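Chain and residue survey
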Amino acid sequence: MPVHTPPLRRLAWPAAALASLLLAGCSKAVVLNPAGDVAAQQGNLVVTATLLMLIIIVPVIVLILLFAWKYRHTNQDAAYEPDWHHSTTLELIIWTVPLMIIIALGALTWIGTHKLDPYRPLDRIDAQRPLAEGVKPLEVQVVAMDWKWLFLYPEQGIATVNELAAPVDRPILFKLTATSTMNAFYVPDLAGMIYAMPGMQTELNAIINQPGVFHGLASHYSGPGFSGMTFKFHGLSDEGFAQWVDKARTEGKALDQASYLQLAQPSERDPVQRFASVQGGLYDRILNRCVEDGRTCMHEQMAMDARAAAGLPRDMCTPANAPQIVAALGQRASDAP
């Protein structure tokens with residue numbers, strides 16, 4: 001005979017499973033409790049916007065339950081007004097309150113998105129400490145590859161694969177590009193995600209305010225190795241960062257054109273690699289997609305196309321073709337009205 005299960009017991013298991021999933025997912029709510037000031041401001045924006053929207057959501061839910069209870073078919077005491085059709089007070093509440101919330105959300109979002117523009121240089125270390133004038137940010141050049149991350153430090157002259165580090169309380173300027181597939185760079189404790197695209201450069205200004213090891217990942221699907229495209233971001237003291245740089249200079253090898261082309265081959269779940277030196281101009285060649293010998297860099301190609309559109313020779317001005325270019329410029333000047 002089938003066993004009869006009480007209705008409440010049937011609902012208990014799904015409710016317990018849902019609660020377990022929610023608790024597991026929120027065991028470390030990084031977005032709302034990050035270690036970096038930019039991410040903290042973004043988290044505060046999320047909380048504020050959510051609270052504003054709850055001003056409408058909570059009363060609506062309460063009223064739905066109240067109406068369902070008050071006007072249930074067994075309640076003979078509920079007022080029955082079949083001719084009711086309008087209430088000015090109710091109309092004002094229904095339209096005015098949401099309108100005020102939309103205006104507040106719009107103003108908050110407009111201010112927040114401009115203040116937290118990833119290209120905007122930082123003006124503070126955290127909510128209590130402004131950034132002193134003349135502080136130079138740490139520049140990190142980021143290359144999203146298939147399927148690993150390459151980080152170049154032009155000031156320190158080193159590079160790493162799948163490992164990133166920065167001093168605590170020092171602004172960081174990320175310059176990002178990609179080799180073949182669009183991807184997104186994301187360290188939840190640091191700032192929001194920013195896209196990296198081949199042949200283009202995006203920027204992200206951020207800061208880390210607490211020492212520790214934080215999770216970084218690719219947040220845009222980019223192929224079969226996407227799930228393993230993660231890295232560790234180390235927030236270090238100034239002394240710890242100097243030791244980390246010295247370790248790369250001591251243990252690493254040289255990153256030149258040949259080693260980069262080998263590194264750029266698709267691979268999955270690569271271990272951490274360190275490079276003691278970086279060939280000059282390598283990042284610019286990666287950005288302009290001309291690391292291989294014999295390839296014209298994108299910025300050179302665009303300059304040649306612009307000269308051709310202006311009626312000038314496509315080639316660069318050199319001593320050999322200078323008379324031709326001067327003659328072309330003279331001809332254009334004489335043809336001008």
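In what follows, the structure referred to is the one given above.
Structural notes, computed from the coordinates. (Residues numbered from 1 in each chain as written. Predicted model: local features only at pLDDT ≥ 70, side-chain atom pairs only at ≥ 80, totals over all residues. Heavy atoms only, no water.)

1. Points about the pattern of salt bridges
Charged atoms that come close allow side chains of opposite charge to pair. Our working rule: Only one rule defines a salt bridge in this text: a Lys or Arg side-chain nitrogen within 4 Å of an Asp or Glu carboxyl oxygen. Put simply, DSSP H or I for four residues or longer makes a helix, DSSP E for two residues or longer makes a strand, and each gets a number counted from the N terminus. For every residue, the accessible area (1.4 Å probe, protein chains only) is compared with the maximum for its type, and the residue is labelled buried under 20%, exposed over 50%, or partly exposed between those bounds.
Applying the stated criterion across every chain, the model contains ten salt bridges. A salt bridge links Glu 155 to Arg 170; the shortest N-O distance between them is 3.3 Å. Here the residue Glu 155 occupies a position in the loop between strand E2 (149-153) and strand E3 (158-161), and Arg 170 occupies one in the loop between strand E4 (163-167) and strand E5 (172-178), the gap between them amounting to 15 residues. For Glu 155, a relative accessible area of 44% translates into the label partly exposed. Each of Asp 126, Arg 129 and Asp 169 takes part in one network of salt bridges that share partners.

2. Topic: the sheet that holds E3
Applicable threshold: DSSP bridges decide pairing: two strands pair if at least two such bridges lie between them. Fitting a line to C-alpha atoms yields each axis, with helices limited to the stretch in contact; the angle taken between N-to-C directions then spans 0 to 180 degrees. It only takes one pair of heavy atoms within 4.5 Å for two residues to be counted as in contact.
In spatial order, the strands read E8-E5-E1-E2-E3-E12-E11; together these seven strands make up an open sheet with mixed pairing. Only two strands of the sheet have a single neighbouring strand rather than two, namely strand E8 (202-206) and strand E11 (253-255). When strand polarity is set aside, the average angle formed by the axes of neighbouring strands in this sheet is 30 degrees. Pairing geometry for E3 and strand E12 (residues 273-278), over three bridges, is antiparallel. Across the sheet, Ala 159 pairs through a bridge with Phe 275, a residue of E12. Packing of helix H4 (residues 238-251) onto the sheet brings it into contact with strand E1 (138-144), E2, E3, E11 and E12, and relative to E12 it is tilted by some 80 degrees.

3. What to know about the packing of aromatic side chains
How we decide: Two aromatic rings, drawn from Phe, Tyr or Trp (for Trp, its six-membered ring), form a pair once their centres lie within 6.5 Å of each other, and the interplanar angle then sorts them: stacked below 30 degrees, edge-to-face above 60, tilted otherwise.
If you walk through the whole model with that rule in mind, you get 13 aromatic pairs. Where Tyr 153 meets Phe 241, the ring centres are 6.2 Å apart and the plane angle is 50 degrees; that geometry is what we call tilted. One end of the pair, Tyr 153, is in strand E2; the other, Phe 241, is in helix H4, and 88 residues separate them in sequence. Looking at Phe 241, the relative accessible area reads 6%, which means it is buried. Plain terms: the ring middles of Phe 174 and Phe 185 are 5.2 Å apart, the flat faces sit at 45 degrees to each other, and that makes the pair tilted. With Phe 174 in strand E5 and Phe 185 in strand E6 (residues 183-186), the pair connects residues that are eleven residues apart, well separated along the chain.

4. Details of unusual backbone geometry
Cis geometry marks the peptide bond from Asp 146 to Trp 147, where omega comes out at -5 degrees. Mapped onto the fold, Trp 147 is located in the loop between E1 and E2. Here Asp 169, not a glycine, exhibits a phi torsion of approximately 70 degrees, which is positive. Within the secondary structure, Asp 169 sits in the loop between E4 and E5.

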